[in-house]
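# Residue-level structure breakdown
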Amino acid sequence: MSTWILPALACLAFWGVSRFLPKLATRHLDPHSALLFEVMGEVLVALAVLASLGFKPNFDPRGASYALAGGMLGGLGVYAYLLAAQRGHVSQLVVVTALYPVITVALGVLMLGESMNLRQGLGMGLGLLAILLVAT
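Let me begin by describing the structure that accompanies this report. Not measured: the values here are computed from a predicted model. (Residues numbered from 1 in each chain as written. Predicted model: local features only at pLDDT ≥ 70, side-chain atom pairs only at ≥ 80, totals over all residues. Heavy atoms only, no water.)

### Re the packing of aromatic side chains
Evaluated as defined, the whole model comprises one aromatic pair. Relative to Tyr100, the ring of Trp15 has its centre 6.3 Å away and its plane inclined at 70°; by these criteria the two rings are edge-to-face. In this pair, Trp15 is assigned in helix H1 (residues 5-18) and Tyr100 in the loop between helix H5 (90-97) and helix H6 (101-112), connecting sequence segments 85 residues apart. Tyr100 gets classed as partly exposed once you look at its relative accessible area, which sits at 44%. Stacked on the ring of Tyr81, the Lys or Arg Arg19 has its end atom at 4.9 Å from the ring centre. (Phe/Tyr/Trp six-rings, centres within 6.5 Å; stacked < 30°, edge-to-face > 60°. Helix = DSSP H or I, 4+ residues; strand = E, 2+ residues; numbered from the N terminus. Buried < 20%, exposed > 50% of the residue type's maximum accessible area, 1.4 Å probe, protein only. Lys NZ or Arg CZ within 6 Å of the ring centre and 35° of its normal.)

Okay, structure coming up:
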């Protein structure tokens, strides 16, 4: 078995449950407060990772800038997700937001020169169609 599959499956499980919990949270909290508590949970994970590194993380200004920007965009995405969870059905919301890889793949192709074949392109197109079908 490939070394990446177990962490990928863990990610699938963690993200799957983590995108269900905001619907429960926004039944009791406004999205602003829910975001605060969600970020506090992420900080706890970050502190555990920092401790596992002996409080000496690897640092490169460019890499740190990309990671910080990714964290900020991720936080904005979580906030938007919380707003949507409060207003809509999680069963529809998660289908639309789970198609974020379409953007990631497009950026990989356009900015990193990664390749995509016709079948993969059709799959992305069907993913975009899924957004239309689920959202209407």
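Structure shown, so let's carry the discussion forward.
### With respect to the side chain of Thr26
Note that Thr26 resides in the loop between helix H2 (21-25) and helix H3 (31-52). Within the structure, Thr26 has its side chain in polar contact with the backbone oxygen of Lys23 (distance 3.3 Å). Apart from the residues within four sequence positions on either side, Thr26 is in contact with Ala34, Leu82, Ala85 and Gln86. (Polar contact = N/O pair within 3.5 Å; in protein donor to acceptor, adjacent residues only side chain to side chain. Contact = heavy atoms within 4.5 Å.)

### Examining unusual backbone geometry
With a phi angle near 60°, Phe55 is a residue other than glycine that sits in the positive phi range. Relative to the helices and strands, Phe55 is located in the loop between H3 and helix H4 (61-87). Residue classification places Phe55 among the exposed positions, given a relative accessible area of 56%.

### Some details on the side chain of Arg19
With respect to the helices, strands and loops of the structure, Arg19 is situated in the loop between H1 and H2. A polar contact is formed between the side chain of Arg19 and the side chain of Ser18, at a distance of 3.3 Å. Among the polar contacts made by the side chain of Arg19, one reaches the side chain of Glu38 at a distance of 2.6 Å. Ignoring sequence-local partners within four residues, the contact set of Arg19 consists of Glu38, Val78, Tyr81, Val90 and Val94.

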